[in-house]
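# Chain and residue survey
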Amino acid sequence: MLVLSMRIGMMGGTFDPIHLGHLRAAEEIYWAFELDRIVFVPAARPPHKDDEIEASPVQRYEMVSLATGDVPYFSVSPIEVNRPGCSYSVETLREFRTLYGEGSTIYFIVGVDAFQELATWKDAKEVLALAQFIVTARPGWRLDEVERSMTSAQRQLLGEPRCKYLKISEITPQIARRRYEPRVVLLVEMVSLDISSSEIRQLVKEGKSIRYLVTDTVAAYVAQNRLYHLACTQADSQR
Ligand code: ATP
Ligand code: MG
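All figures in this text were calculated on a predicted structure; none of them were measured in a lab.

### Examining the site of ligand 1
- Around ligand 1 lies a shell of 22 residues, among which K49, D113, L193, S197 and S198 are the nearest.
- A distance of 2.9 Å separates an oxygen atom of ligand 1 from a polar backbone atom of G111.
- In this structure, R201 approaches ligand 1 through a side-chain N or O atom, which is 3.1 Å from an oxygen atom.
- Burial of ligand 1 by the protein amounts to 92% of the accessible area it has alone, namely 600 Å².
- Going through the elements one at a time, β1 (7-13), α1 (20-32), β4 (105-111), α5 (112-115) and α9 (197-205) are the ones with two or more residues in the shell around ligand 1.
- Taken together, the residues of the shell around ligand 1 break down into eight nonpolar, ten polar and four charged.

Rendered as structure tokens:
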């Protein structure tokens with residue numbers, strides 16, 4: 001039995017592997033926006049970076065479970081791992097809306113780098129209409145240039161979104177709980193960690209430590225499963 005009017009954060013990604021940058025961004029948004037929970041959704045087969053992914057969908061799901069298992073308000077959804085074919089956010093959002101009910105709000109948390117590609121996603125306009133977008137800062141990317149750098153073609157594909165720039169320290173309960181109009185994108189400035197999964201995979205390849213970039217549980221999983229090592233073949237991760 002699901003409760004109506006829930007405030008659900010949804011964080012999608014390939015999580016290859018999940019790292020402290022993802023977890024810290026989710027933690028900050030959870031508290032600032034007074035969410036009920038954050039659901040991490042590992043993308044099994046994202047259309048835009050399928051050939052870059054090294055760990056299997058199940059392994060990435062397991063790493064997200066290990067990293068979030070001790071946080072009561074974080075959970076992980078197998079929705080995209082279980083769905084055959086390409087992983088499209090629009091399909092996940094439709095399923096989330098059915099699952100949590102029309103009275104609930106889905107806060108789709110994406111980093112600014114991912115948001116810049118939104119116009120290329122399947123049914124981008126619908127994606128923006130189905131969720132309240134929260135775009136988080138990421139080192140090397142300028143949040144305050146997001147709106148200005150959008151081309152008119154992108155604007156059209158996204159249904160003419162409007163951006164609202166917020167500093168996380170200035171988000172009051174009233175701001176957090178405000179019902180924003182459709183297609184308002186919240187750009188949230190906050191301290192973000194300069195960590196990426198690609199850098200972590202590279203460190204492992206070079207035989208270097210990844211401690212303090214990922215949780216200890218994820219570091220142990222990577223070592224046990226010999227993920228990201230140069231000798232790791234595709235066959236190793238097909239399970
Ligand atoms: P890769 O280097 O393989 O692309 P990544 O570190 O970018 O990995 P993803 O799984 O691609 O991780 O990202 C999932 C989501 O988390 C995206 O919306 C991305 O913008 C966001 N994100 C990734 N790293 C950070 C970080 N350090 N701080 C805040 N958000 C992040
Ligand atoms: Mg990425």
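Moving on, there is more to tell.
### Digging into helix α10 (residues 216-224)
- Within α10, the full set of buried residues consists of V218, Y221 and V222. Taken down its axis, α10 places every buried residue within 100° of arc, on the same side. Opposite the packed face of α10, turned more than 90 degrees from it, sit the exposed residues D216 and Q224.
- At its buried positions, α10 is contacted by α2 (57-68) and α9.
- With its phi angle positive at about 50°, R226 sits one or two positions after the end of α10.

### Details of the packing of α2 against α10
- Where α2 contacts α10, the two axes come as close as 8 Å, and the packing angle between them is 150°. By the criterion of interaxial angle, the relationship of α2 to α10 is roughly antiparallel. For the element pair α2 and α10, the recorded crossing hand is right-handed. Residues Q59, E62, M63, L66 and A67 of α2 form the contact with α10, whose participating residues are T217, V218, Y221 and V222.
- Looking at the contact of α2 with α10 residue by residue, the class counts come to six nonpolar, two polar and one charged.

### Observations concerning the packing of aromatic side chains
- Under the definition given, this model contains eleven aromatic pairs.
- Look at F40 and F74: their rings are 5.1 Å apart centre to centre, the planes differ by 75°, and that puts the pair in the edge-to-face class. On the criterion of sequence distance, the pair formed by F40 in strand β2 (residues 37-42) and F74 in strand β3 (residues 74-76) is long-range, its members being 34 residues apart.
- Judged by relative accessible area, F40 falls into the buried class, the value being 0%.
- Judged by centre distance (5.2 Å) and plane angle (80°), the rings of Y73 and F74 are edge-to-face. Just as Y73 is buried, F74 falls in that class too.
- Pairwise contacts between aromatic rings join F15, Y30, W31, F40, Y73 and F74 into one cluster.
- Taking the ring centre of Y88 as reference, the NZ or CZ of K122 above it sits at 4.9 Å.

### Quick notes on the environment of C86
- Mapped onto the elements, C86 comes out in the loop between α3 (79-82) and α4 (89-100).
- Classification of C86 as partly exposed rests on a relative accessible area of 34%.
- Excluding residues within four positions of it along the chain, C86 makes contact with R45 and P47.

### Remarks on the sheet that holds strand β6 (residues 162-167)
- The parallel open sheet is built from seven strands, whose spatial order is β3-β2-β1-β4-β5-β7-β6. The sheet is open, and its two edges are formed by β3 and β6, each paired on a single side. Taken over all neighbouring pairs, the strand axes of this sheet differ in orientation by 25° on average, direction set aside.
- Here strand β5 (residues 132-136) runs beside strand β7 (residues 184-189); their pairing, made up of three bridges, is parallel. The partner of V135 across the bridge, within β7, is L187.
- The strands touched by α1 within the sheet are β1, β2, β3, β4, β5 and β7, with β2 carrying the most contacts at an inclination of about 150°.

### What about α1?
- The terminal C-alpha atoms of α1, which comprises 13 residues, lie 18 Å apart, in line with the 18 Å expected from a rise of 1.5 Å per residue.
- Those residues of α1 not exposed but buried are G21, H22, L23, A25, A26, E28, I29, Y30 and A32.
- At the C-terminal side of α1, E34 shows a positive phi close to 50°.

About the cut-offs
Every chain's residues receive numbers from 1 upward, in the order its sequence appears when written. The naming scheme follows written order: chains are lettered A onward, ligands numbered 1 onward. Thresholds applied to this predicted model are a pLDDT of at least 70 for local features of residues and 80 or more for the giving and counting of side-chain atom pairs; totals over whole chains, interfaces and linings are not thresholded and use all residues. With hydrogens and water set aside, each side-chain value is computed from the structure's full complement of heavy atoms. Proximity criterion: a residue is near a molecule or strand once any of its heavy atoms comes within 4 Å of it. Contacts described as polar in this section are N or O atom pairs within 3.5 Å, which, within protein, must combine one atom able to donate a hydrogen with one able to accept it, while residues neighboring in sequence count only if both atoms come from side chains. Where accessible areas are quoted, they stem from the Shrake-Rupley method and a 1.4 Å probe; at the residue level, only the protein chains shown are allowed to cover. Segments assigned H or I by DSSP are reported as helices when at least four residues long, segments assigned E as strands when at least two residues long, and all are numbered from the N terminus. Note on residue classes: Ala, Val, Leu, Ile, Met, Phe, Trp, Tyr, Cys and Pro are nonpolar, Asp, Glu, Lys and Arg are charged, and everything else, Gly too, is polar. Throughout, exposure labels follow a simple rule: accessible area from a 1.4 Å probe, protein chains only, divided by the maximum for the residue type, with under 20% read as buried, over 50% as exposed, and the rest as partly exposed. For this quantity, the arc is that covered by the directions from the helix axis to the C-beta atoms. Contact definition: two residues touch when any of their heavy atoms are within 4.5 Å. Fitted lines through C-alpha atoms serve as axes, helices being fitted only where they are in contact, and the angles separating the N-to-C directions of these axes extend from 0 to 180 degrees. Working rule for angles: under 35 degrees goes down as roughly parallel, over 145 as roughly antiparallel, 65 to 115 as roughly perpendicular, anything else as oblique. A crossing counts as left-handed when the near helix is turned anticlockwise from the far one by less than a right angle, and as right-handed when that turn is clockwise. The pairing test for Phe, Tyr and Trp rings, Trp by its six-membered ring, is centres within 6.5 Å, and the orientation test on the planes gives stacked under 30 degrees, edge-to-face over 60, and tilted for anything in between. Whether a charge lies above a ring is judged from NZ of Lys or CZ of Arg, which has to be within 6 Å of the ring centre and within 35 degrees of the ring normal. Pairing between two strands requires that DSSP report at least two bridges joining them. Any helix carries an expected span of 1.5 Å times its number of residues minus one.

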